[in-house]
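Coordinates in review
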Amino acid sequence: MAEVQTRAHPPEGDASPGSGGSPSNGSGPGAGRRGRLRRALEALGILPEPPEEGLYHGFISYSHAADGRLAPALQTGLQRFARPWYRTRALHVFRDDAVLSANPHLWSSICQALDGSRYFILLASRDAASSEWVAREADRWRQTKQSEKLLVGLTDGELVWDEDAGDFDWRRTNALPETLRGAFDEEPRYLDLRWARDGDDLALSHPRFREAVAELAAPLHGRPKDELASEEVRLRRRAVRLARAAVVSLAILVLTSLVAVAVALTQRSNALHQASLASSRQLAATAETQLGTNLDAALLLAVRAYRENRNPQTLAALLRVNTASPHLVRYVSMGSDVTQLAGTRDGRIAVAGLADGRVMRWDVVRRNAVPVARLRGRVTAVAASADGSAIAASDGSRAVLVRPGSSPGTLAVPPGEKVNAVAVSPSGRTVAVHGSSGSIRRPGSTVILRFPGGRAVHPDPVPYPSALVAPSDDELLLFDLGGGPWERRRVGDWSRLARGSTGFGVRGVPSLPSADGRRVAGASGSVLRVVSLSGAPVTARAPVRVPSSLALSPDGATLAVGDSGNIYVTPVAAAGRPRAAPVKLAGGGSVNTFVGLSFLNDGSRLVAATGDQLAFWDLDQVDRLARMARIPLPTACNACPGPDIAVSPSGARAAVVPHAGGPVLIQPLGSRGGRRQVIGDAVTGPSFSSPVWDEGGRQVVLPVTGKSSPSEVPAIARVVHVGRQSDGIEAAGLSGDGRTLMAIGSSGRIYTGDAATGRVLATHPVPPGVSHDRYATFHASVSAPADRGVLVSTPSAWIVELSSGRLLRKLPTEDVEYAAYGGRRLLVQQTSGELQVWDRDGRALERTLPGDRTYFDAPVPNADGTLVARRRTNGAVEVDDLRAGVALGSVSSPGSGELKTGVAFSPAGRRLVSASSRGFEDEGVMVQRDLAPEALIRTACATAGRQLSQSEWRAFVGTTPPDDLSCR
């Protein structure tokens, strides 16, 4: 029974009734469905069948106050004792809290449960004896059932039988309700559970509690206690076996599932990786197809490819787009089609007139665009002073002038005329505006403004002048772009200085006259003409078919021609005079017709308009990665190779030594400042050999031969004398610990010395088997395995133990030209130009990189042996990934094959440093390139100056574009 607090229940402390009712108690469709489900589970054996005469095997009547812990434990024990593993319970036992729900007919439900129960289990206690509900339940049982089916468990108080009276001694018995007076014909056997009332272990695992449960369960099952106990033991053992089997099976299933999940995740990861790899390679391949036509799109696609998947192929694409069209500086988006273009003579400013009426001023140095004026219509003419401070522009109906420190002012022409040309002198103090009436009978006029000064209006001296050029404050050139007549006038008195006609005709493509007013160019089909308005005739040549735009440099010495997506920059020279070949600028797209080109200085800087973009070009730029510095670097002979370079361990400085003598240069690298240091003729006699840095990068060690005394040497350098006076040093290196200097003389003799003191420690003769009459080279470095070097005497190579000079091993390859250690890899360049990559011991060949005889010098690996630089006879330096055997790209030396170039990597392999000298001249150039992926991405994004559009993605890639197409 249970104490359920409702309005009909007794106060707290009294026993509440255990209520009746079947599990399907209630009405409605839900109750019917629950009943059908119960019957189905019983039919399957999952639920025990109820006793034949009722719903429950037992009804527990108890006091909540006294046995609130014991009654639920006893119910659970009875239901689980001797329970087959496949059933949820062994018996149906009623207990109010476990069965009853909110019910307006409480006593009726209890009576139904009592009437449907086989046994009445009374938990007798003093609280139960005084409980009205326990008394009513016991009385109901006595009226409707036999007393033989009443089981008593004493949990508190006393039960005393009186033999004479044939009943309990009710004076001493205090645990039974009065309603059971006279209910028993003879003394019943009751179960003493007083020990369990305050027990902590009320579970079947507790032997005493299990014994008590067995005592009560036997009559409910209708089986003897010992037989039932044996059944419980058997079922428990079977359950344990099944549990163990289930645990093992579950463990196997879990393990199998984990393996399957791991395999699935691995396969998913591999699938995603392969998809990412395929997508990145597609993007990289697409980027390379656009190099010659849409370089800005190629830059953006290559960045996207590397972001998609970082692999040698995408890194190669990233390097190639950054070195393609090396003279391209950057693109700048104007936001509207460029209709007019003018560059300033100082090379700093580009002025663009746009279709939406804006006039934009782009500062090349500061890299910012500023709107300086806004016209109502499409800009039809622009002009600027030499420094870009004064700008004139027109949209055909109105002209404006922008000067420093003042708002844009209007340039007026006589009534009835429209502006068709403007000009600004180099100083900006003279401005000219031409107005056209549009009628043959009525000439136009030229308005001159002088600062300081006034305004003058002059009638047209030529029929249809459509271009004005002010070479100076006192001179103005008027030119008819259609037919070719021209006239030069003095600004002050408007007197004629010269006149003539180019005879171009109206069907050609003319250029604006050069800024000095001396030359003008035109094209008819593939024929280029340059006309000198004063002086000897000149010509220009370029492989063009249908030029779209022409531009002369301010001095008229260089012509730029836009043709079929390319730009050719060609010198202008007198007929029959030698001239340099035209320079082809590719990848900028189709140049806007007539107005798409303008020089920014006297021939090396150019701006081109393609649609709504400006493309800036610099013919003096080696490539966009290169940072150049002029250095003193002579070369003693034309046949000598390039200088030797060593970068300090921190990457902060480089030591450059001319191969055939001269001063040694210590040059700061990266972003570090400081002046370069030149070590002059620090020694007499033979020259320095290859420089090496000590382990801490504090000093550069300069090996020399002989015993000549050095003059004053800066603290940053240390001269070490190694070898004989007559024996020139071919190569030198430090051991892995940085303490021992190793060098090889031209005779093949190997020297070892103390790098700190310069004292020669040992001299080793040429090892047996090395030819004496062939040129021998040697390579060792701090990045190579300690105390090991490689000796080459063409066509063979040996690995040498440097401490003893002993040959450790002859490489199993022939036709060896050069060999070098890069980290744990040994690189062998053959006479054919192929590059073999071996392990450190020269036993296993990892791969072979293709090559030819244009690879003329020793390979230069980085410190960890992941990259190698290979020089060609044309001055190009190819960079290869040694791990994947992929050519990442090629960079050029300034002046191409004319220079003698040496290269080296920074220790981390991030930067490629080159030093070049030209013949017997005293000046060379040092170039640094940052090859780190993040630097390549930064350069590519800055060059493109925009992000991919969704329409471009669909056109190039053919898939749905991602949400984020930004370049970063």
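I will try to describe carefully the structure that is included in this document. Quick caveat, the model's predicted, so the values are computed rather than measured. (Residues numbered from 1 in each chain as written. Predicted model: local features only at pLDDT ≥ 70, side-chain atom pairs only at ≥ 80, totals over all residues. Heavy atoms only, no water.)

**Quick word on the nonpolar core**
As a reminder, the rule being used: Residues enter a nonpolar core if they are buried and are Ala, Val, Leu, Ile, Met, Phe, Trp, Tyr or Cys, with the set joined through side-chain atoms within 4.5 Å. When accessible area is computed with a 1.4 Å probe and restricted to protein chains, residues below 20% of their type maximum are described as buried, those above 50% as exposed, and intermediate ones as partly exposed. Under the DSSP-based scheme used, a helix requires at least four consecutive residues in state H or I and a strand at least two consecutive residues in state E, with every element numbered from the N terminus. The contact criterion used throughout is that any non-hydrogen atoms of two residues lie within 4.5 Å.
Core analysis: the largest hydrophobic core is formed by 57 residues, its most contacted members being Leu295, Ile567, Leu597, Leu606, Trp617 and Leu912. Counting residues per element, this core draws most heavily on helix H10 (residues 295–308), which supplies 9 residues. Every residue in contact with leucine 606, bar those within four places of it in the chain, is listed here: Ala560, Ile567, Val569, Leu585, Leu597, Ser598, Phe599, Leu600, Ala615, Phe616 and Trp617.

**Digging into the side chain of serine 553**
Examined against the element boundaries, serine 553 turns out to sit in the loop between strand E28 (549–552) and strand E29 (558–563). Setting aside residues no more than four positions away along its own chain, serine 553 makes contact with Ser514, Ala515, Thr558, Phe599, Asn601, Asp602 and Gly603.

**Concerning the pattern of salt bridges**
Heads up, the condition is: Should a side-chain nitrogen of Lys or Arg be within 4 Å of a carboxyl oxygen of Asp or Glu, the pair is scored as a salt bridge.
Tallied over the entire structure, the rule returns 39 salt bridges. With a closest N to O distance of 2.7 Å, glutamate 178 and arginine 181 form a salt bridge. On the accessibility criterion, arginine 181 (40% relative accessible area) is partly exposed. Through salt bridges with shared partners, a single network forms among Asp852, Arg870, Arg872, Glu878 and Asp880.

**Things to note about the state of the cysteines**
What counts, and what does not: Here, two cysteine sulfur atoms that lie within 2.5 Å of each other are counted as a disulfide.
For the structure shown, the criterion picks out 1 disulfide. With a sulfur-sulfur separation of 2.0 Å, cysteine 941 is cross-linked through a disulfide to cysteine 967. Torsion about the S-S bond of the cysteine 941 and cysteine 967 cystine: about -80°, corresponding to left-handed handedness. On the criterion of sequence distance, the pair formed by cysteine 941 in helix H12 (residues 933–944) and cysteine 967 in the segment after helix H13 (950–956) is long-range, its members being 26 residues apart. Residues cysteine 941 and cysteine 967 agree in their burial class; the two are buried.

**Quick word on the packing of aromatic side chains**
We apply this condition: Centres within 6.5 Å make a pair out of two Phe, Tyr or Trp rings, where for Trp the six-membered ring is used; the pair is then stacked when the planes are under 30 degrees apart, edge-to-face when over 60, and tilted otherwise.
If you walk through the whole model with that rule in mind, you get 9 aromatic pairs. Relative to phenylalanine 94, the ring of tyrosine 56 has its centre 5.4 Å away and its plane inclined at 65°; by these criteria the two rings are edge-to-face. Here phenylalanine 94 lies in strand E2 (residues 93–94) and tyrosine 56 lies in strand E1 (residues 56–61), a separation of 38 residues in the sequence. No difference in accessibility class separates tyrosine 56 from phenylalanine 94, as the two residues are buried. Ring-pair connections join several aromatic residues into one group, and the members of that group are Tyr56, Phe59, Phe94, Phe120 and Trp141.

**Some remarks on the packing of helix H9 (residues 225–289) against helix H11 (residues 312–323)**
This is how it is decided: The angle between two axes is taken between their N-to-C directions and runs from 0 to 180 degrees, where each axis is a line fitted to C-alpha atoms and a helix contributes only its stretch in contact. Oblique is the label for any angle not covered by the other classes, which are roughly parallel (under 35 degrees), roughly antiparallel (over 145) and roughly perpendicular (65 to 115). Two helices crossing with the near one rotated counterclockwise from the far one by less than a right angle form a left-handed crossing, whereas a clockwise rotation gives a right-handed crossing. Amino acids are sorted into nonpolar (Ala, Val, Leu, Ile, Met, Phe, Trp, Tyr, Cys and Pro), charged (Asp, Glu, Lys and Arg) and polar (every other residue, Gly among them).
It is the contact of H9 with H11, at a shortest axis distance of 9 Å, that shows an interaxial angle of 25°. Comparing their axes, H11 and H9 come out roughly parallel. Handedness of the crossing formed by H9 with H11: left-handed. On H11, the residues touching Ser280, Arg281, Ala284, Ala287 and Glu288 of H9 are Gln313, Thr314, Ala317, Arg320 and Val321. Considering only residue class, the contact of H9 with H11 consists of 4 nonpolar, 3 polar and 3 charged.

**Regarding the sheet that holds strand E13 (residues 381–384)**
Short version of the rule: Each pair of strands is called paired provided DSSP finds at least two bridges between the two strands.
Here 4 strands make up an open sheet; going across it, the order is E13-E14-E15-E16 and the pairing antiparallel. If you trace the sheet from one side to the other, it starts and ends with E13 and strand E16 (409–411), each paired once. Strand-to-strand, the axes of this sheet are offset by a mean angle of 25°, without reference to chain direction. Bridge count for strand E15 (residues 399–402) against E16 is 3 bridges, and the pairing is antiparallel. Bridge pairing in E16 places alanine 399 opposite leucine 411.

**Remarks on the side chain of glutamine 830**
In this fold, glutamine 830 is placed in strand E52 (residues 825–830). Not counting residues up to four positions away in its chain, the partners in contact with glutamine 830 are Thr813, Glu814, Asp815, Val816, Glu817 and Gln836.

**Section: a negative patch on the surface**
Operational definition: Residues enter a patch when their relative accessible area is above 30% and they make no salt bridge; the linking distance is 9 Å between like charges and 5 Å between nonpolar side chains (Val, Leu, Ile, Met, Phe, Trp, Tyr). In short, Shrake-Rupley with a 1.4 Å probe defines the accessible areas, and a residue's cover is counted only from the protein chains shown. Positive charges are assigned to Lys and Arg, negative charges to Asp and Glu, while His and the chain termini are left out of the count. Taken as the charge location is NZ of Lys, CZ of Arg, CG of Asp or CD of Glu.
Together, Glu148, Glu163, Asp164, Asp185, Glu186 and Glu187 make up a region of like negative charge exposed at the surface. With respect to the helices and strands, glutamate 163 occurs in the loop between strand E5 (161–162) and strand E6 (167–168). According to the relative accessible area criterion, glutamate 163 is exposed, its value standing at 58%.

**Looking at the sheet that holds strand E3 (residues 117–124)**
In a beta sheet, neighbouring strands pair by backbone hydrogen bonds and run either parallel or antiparallel. A sheet is described by the order of its strands in space; here 5 strands give the open sequence E2-E1-E3-E4-E7, paired in parallel fashion. Each having just a single partner strand, E2 and strand E7 (191–192) make up the two edges of the open sheet. Of the strand pairs in this sheet, strand E4 (residues 150–154) and E7 are connected by 2 bridges, and their pairing is parallel. Each residue of the ladder has a partner; that of leucine 154, found in E7, is aspartate 192. Packed onto the sheet, helix H7 (residues 132–144) meets E1, E3 and E4 and runs at close to 145° relative to E3.

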